[in-house]
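# Architecture at a glance
Now for the letters of each chain:
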Amino acid sequence: TARLTLLSLLVLPGACSDSPTDPAAPTGSDVFVLNSTGQTIASFSVLQGLSGSAPPIDLGAGFDGDAFDLTASFAVTTVSIFGGSRILFVDLASGDVLTTSFPAPESDLANPSAASFDDQGTAWVGGRGSDAVYRADPGDATAERVATGLGTFIERVVPHESRLYVVDANIDDDGGSYRPLGPGRVIVLSRAGDLERVIDLPSAALNPTDAVVTAGNLLVLAGGSFDPETFLPSNDGSLVAIDLADGSAGSAVPLGANGVSMELGGDGLVYVTTTSDYQSLDVLRYDPGSRAFDRGPADPIPIKGADGGRVDCWSATALTDGRIVCITFSFAEAGRLVLTDRSGGFLDEVPSGFGSTDVASR
């Protein structure tokens, strides 16, 4: 994903409702944070402020995932090729971690993308290395291979109704440069894995890394490219809306930076974090109903900390009442889970864990 790519760059030397509603009175929510470096999932309760709700769940040695998805009972995340290519299902009540392997012959080399749950609680995962799509349920010993020979670098599989929308970044992983080979694409499959169509993204949509379904569209985050020598962002990230009714792709909407993460908030709006230097990060808010930014790219939401200073959010989302929760990322110190009002004004914060890379609420 974009987050995995950025994490790799950072360690280089030198380097839901479909329609938004008016904010309601504060309501209780649960917020979960994935800590990639700390190898945990931490949970928090949100009322007027933030509080830890249970001890963090240990994901085990070798965990290096950077994103997760939730149902009412489980979280799902993945371990890359460096940790043996695994799917982890986490029972959020008991804290038990269930491991699902990939089928032979690519069992260790699948290099799975982030996983997505469907409405029935089945997880769908793409193999970045195997160019395949898999499905698995909590407790399965081995994932089922659904389709093979897809794209060049599958970043996400989004299940919706009877179809699977497979986001292909179209980047050079075989050559090791990870440069875009051209615009990305979305491969549309039936749930059984039959090819229905391929949707080519606009020429400006490079390195698509994530997608969400909202307001009758598949909204795709194209993370953008980076300079192969300096590793600085090329500031060419964008959003693309695909009409699910006819499969047409709209124009690429420039982010003015590279895309880092995208989350569909509980308020029905989409929260995108971007960066121009891998150090400072902005939070943008996109209205999928109007296909326009509510905040950004020129006027991002100014997320404030307890001291009134700027908070650089690695990933952000919103509760149903419009309050924003975001996480900070650092190798050197624990991340922060920050709660703000809809405009970014500080409300509360707590330590989130080491290497916080993803946040979600329910």
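This text goes with the structure placed above it.
What comes next concerns the included structure. (Residues numbered from 1 in each chain as written. Predicted model: local features only at pLDDT ≥ 70, side-chain atom pairs only at ≥ 80, totals over all residues. Heavy atoms only, no water.)

## Here's the deal with the pairing of strand β14 (residues 185–190)
Counted residue by residue, β14 has five buried out of six residues, so it is predominantly covered. Note that β14 and strand β15 (residues 195–200) share five bridges and pair antiparallel. What sits directly across from R185, in β15, is D200. Remark: four residues form the turn of the hairpin made by β14 and β15, two consecutive strands paired antiparallel; G193 in that turn has positive phi of roughly 100°. (Buried < 20%, exposed > 50% of the residue type's maximum accessible area, 1.4 Å probe, protein only. Helix = DSSP H or I, 4+ residues; strand = E, 2+ residues; numbered from the N terminus. Pairing = 2+ DSSP bridges.)

## Here's the deal with the state of the cysteines
For the structure on display, the rule yields one disulfide. The side chain of C313 participates in a disulfide bridge whose partner is C326; the two sulfur atoms lie 2.2 Å from each other. With the S-S bond torsion at -55°, the cross-link from C313 to C326 turns out left-handed. Of this pair, C313 sits in the loop between β23 (292–295) and β24 (315–318) while C326 is found in strand β25 (residues 324–327), placing the two residues 13 residues apart along the sequence. In terms of burial, C313 and C326 fall into one category: buried. (Disulfide = S-S within 2.5 Å.)

## Considering the sheet that holds strand β4 (residues 68–70)
Taking strand neighbours across the sheet as the criterion, the four strands line up as β4-β5-β6-β7 in an open arrangement whose pairing is antiparallel. Only two strands of the sheet have a single partner each, and these edge strands are β4 and β7 (97–100). Between one strand axis and the next, the sheet turns through 20° on average, direction left out of account. Taken together, the four bridges between strand β6 (residues 86–91) and β7 define a ladder with antiparallel strand orientation. Bridging from a neighbouring strand, F89 pairs with L98 of β7. (Axes fitted to C-alpha atoms, helices over the stretch in contact; angles between N-to-C directions.)

## Here we look at the packing of aromatic side chains
Counted by the stated rule, this structure contains six aromatic pairs. Consider the rings of W314 and F329, whose centres lie 5.0 Å apart with planes at 35°: the pair is tilted. Linking W314 in the loop between β23 and β24 with F329 in the loop between β25 and β26 (335–340), this pair joins segments that are 15 residues apart in sequence. Residues F329 and F331 carry aromatic rings whose centres are separated by 5.0 Å and whose planes lie at 80° to one another, so their mutual orientation is edge-to-face. Residue classification places F329 among the buried residues on the basis of a relative accessible area of 16%. (Phe/Tyr/Trp six-rings, centres within 6.5 Å; stacked < 30°, edge-to-face > 60°.)

## Structural notes on the sheet that holds β15
Strand order in the open sheet made by the four strands is β12-β13-β14-β15, with antiparallel pairing throughout. In this open sheet, the two strands that pair with only one neighbour each are β12 (154–160) and β15. Neighbour-to-neighbour, the strand axes of this sheet turn through a mean angle of 20°, independent of strand direction. Here β12 pairs with strand β13 (residues 163–168) via six bridges, running antiparallel. Bridge pairing in β13 links H160 to R163.

## Quick notes on the side chain of R285
Turning to its location among the elements, R285 is positioned in strand β22 (residues 281–287). A distance of 2.6 Å separates the side chain of R285 from the side chain of D294, its partner in a polar contact. Not counting the four nearest positions on each side in its chain, R285 is found in contact with L269, V270, Y271, F293, D294, R295, I301, I324 and R342. (Polar contact = N/O pair within 3.5 Å; in protein donor to acceptor, adjacent residues only side chain to side chain. Contact = heavy atoms within 4.5 Å.)

## Re the environment of S261
With respect to the helices and strands, S261 occurs in strand β20 (residues 258–264). A relative accessible area of 1% places S261 in the buried class. Spatially, the C-alpha atoms of S261 and T209 are 8.5 Å apart, while their sequence positions differ by 52 residues. A polar atom in the side chain of S261 sits 2.9 Å from the side chain of T273. Polar contacts involving the side chain of S261 include one to the side chain of S315, which spans 3.3 Å.

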